[in-house]
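# Architecture and fold: a report
Listed below, chain by chain, are the residues.
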Amino acid sequence: MALNNPYRMIEEATYQTIAQPSLAEFKDRGSRFLAYAYPIQTVEDFKERLQLLKKEHPKAVHHCFAYRIGLDDNLFRVSDDGEPSGTAGKPILGQIDSKNLTNVLIVVVRYFGGTLLGVPGLINAYKSAAAMALQLTPFIQKSITVKWQVTFDYTQMNEVMRRLKAFNCEVTEQEMQLFCRLVVEVPKTRMDELKVLLEEIRGVEINVS
C-alpha cells in the first residue's frame, strides 16, 4: 500500500470516495483543460466514461486520465495520452491519493491553445484541473461490500427483502419466479449479523462471491 495513504491501511470497513460527478475548467496561455471527475466501481466503468468523453470531445488533442479502484494500491492506471511522460496522469493520480480517495476516475481533456507550456507548466495544469474538479464534489464514506447470491422460495420474498433493506443492502440482480435469486451488495461490517438473520428463514441459501 502507498505510504502516502495511511487511511486505507487502518480502515478496513469503509472507504472515502466522491459523491457525484463534477466538471472543472482550467486555462493557461490559451489551452483549456476540462477535468471530469467520476465515482466508479470497475474498470468497465472507466472504459465507458472515457469512450463517451472521446465522442463528446473528438477535436481535443489529449484525453489524459488517472483512476484508482478498491483498497489495493496496485489497482490504478494513469495515461499521459501523448503529453510528455509524467506530466499528466501522475499529477492527476496525485490529487486522488492526496485526498485519500478511491473508486475515482478523473479525465482531463485538453484543447491546445498554441503556446507551449513546458513540463512544469503541464504538470501544474493537470494537477490544478484535477484538484478543481475534486473541490466541486462532496467526499463521502462508503461501506466496503461483499457480493452475495441469495436464493429462496417466492413465498419468503417479503421477509427476505425486509431484512436486506434493514441492512442497507443493494440488489444488483434479481430473478423473481417461484424460486427467486438475488445478487446483493452487503456491507462488510454487518454481514455476519445479516447472515444469521437470513438463515433463520427456512429455505434461504447464501453463496458468497
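In short, a report on the structure. (Residues numbered from 1 in each chain as written. Predicted model: local features only at pLDDT ≥ 70, side-chain atom pairs only at ≥ 80, totals over all residues. Heavy atoms only, no water.)

The subject of this paragraph is the overall build of the chain. Within the chain one finds 6 helices and 11 strands. In terms of C-alpha radius of gyration, the chain reaches 21 Å, well past the compact-globule figure of 17 Å for 209 residues. C-alpha atoms of the chain, sized along the principal axes, occupy 70 × 35 × 25 Å. Looking at the 209 residues of the chain, the share that counts as buried comes to 45%. By sequence separation, contacts in the chain at least 24 residues apart represent 70% of the contacts at least 6 residues apart. (Helix = DSSP H or I, 4+ residues; strand = E, 2+ residues; numbered from the N terminus. Rg over C-alpha atoms; globule rule 2.2 N^0.38 Å. Buried < 20%, exposed > 50% of the residue type's maximum accessible area, 1.4 Å probe, protein only. Contact = heavy atoms within 4.5 Å.)

Across the sheet, which stays open at both edges, the 4 strands sit in the order S9-S10-S8-S11 with antiparallel pairing between neighbours. With one partner strand each, in any of the chains shown, strand S9 (170-175) and strand S11 (205-208) form the two edges of the open sheet. Averaged over all pairs of adjacent strands, the angle between strand axes in this sheet comes to 20 degrees, irrespective of strand direction. Of the pairings in the sheet, the one linking S9 to strand S10 (residues 179-187) comprises 5 bridges and is antiparallel in character. Across the sheet, the residue bridging to Glu173 is Val183, located in S10. (Pairing = 2+ DSSP bridges. Axes fitted to C-alpha atoms, helices over the stretch in contact; angles between N-to-C directions.)

Let us look at the pattern of salt bridges. Evaluation of the coordinates by the stated rule reveals 11 salt bridges. Residue Arg68 pairs with Asp97 through a salt bridge whose shortest N-O separation is 2.7 Å. Of the two residues, Arg68 sits in strand S4 (residues 62-68) while Asp97 sits in helix H3 (residues 89-98), which places them 29 residues apart along the sequence. What makes Arg68 buried here is its relative accessible area of 3%. The salt bridge involving Arg163 is made with Glu159; its shortest N-O contact spans 2.7 Å. With Arg163 and Glu159 both in helix H5 (residues 157-166) and 4 residues apart, the pair spans about one turn of that helix. By relative accessible area, which is 15% here, Arg163 ends up buried. A relative accessible area of 26% places Glu159 in the partly exposed class. One connected set of salt bridges, linked through shared partners, spans Glu159, Arg162, Arg163 and Glu200. (Salt bridge = Lys/Arg side-chain N within 4 Å of Asp/Glu carboxyl O.)

A few words on the sheet that holds S4. Within the open sheet, the 5 strands sit side by side as S2-S3-S6-S4-S5. Their pairing is antiparallel. The outermost strands of the open sheet, each flanked by one partner alone, are strand S2 (22-28) and strand S5 (76-79). Across the sheet, the axes of successive neighbouring strands diverge by a mean angle of 15 degrees, strand direction being ignored. Pairing between S4 and strand S6 (residues 104-111): 7 bridges, direction antiparallel. Looking at the pairing, His62 lines up with Arg110 of S6. Its contacts with the sheet put helix H4 (residues 118-135) on S2, strand S3 (31-39), S4 and S6, and the angle it makes with S2 is roughly 150 degrees.

Turning to the packing of H5 against helix H6 (residues 191-199), a few remarks are in order. The contact between H5 and H6 brings their axes to 10 Å, and the two run at 165 degrees. With respect to each other, H5 and H6 are oriented roughly antiparallel. As H5 runs across H6, the sense of the crossing is right-handed. Contact with H5, carried on its side by Val160, Arg163 and Leu164, involves Leu194, Leu197 and Leu198 of H6 and no other residues of that element. The residue inventory of the contact of H5 with H6, partitioned by class, reads 5 nonpolar, no polar and 1 charged. (Parallel < 35°, antiparallel > 145°, perpendicular 65-115°, else oblique. Left-handed = near helix turned anticlockwise from the far one by under 90°. Nonpolar A, V, L, I, M, F, W, Y, C, P; charged D, E, K, R; others polar.)

Grouped together as the largest cluster of nonpolar side chains are 24 residues, with contacts concentrated most on Phe33, Ile92, Ile106, Val108 and Tyr126. Contributions of two or more residues to this core are made by S2, S3, S4, H3, S6 and H4. At 7 residues, H4 tops the list of elements feeding residues into this core. The residues contacting Tyr126, other than those within four sequence positions of it, are Phe33, His62, Cys64, Glu83, Thr87, Ala88, Pro91, Ile92, Val108 and Arg110. Formed by 18 residues, the second largest nonpolar core is a distinct cluster that contains Val150, Met157, Leu164 and Cys180. (Core = buried A, V, L, I, M, F, W, Y, C linked by side-chain atoms within 4.5 Å.)

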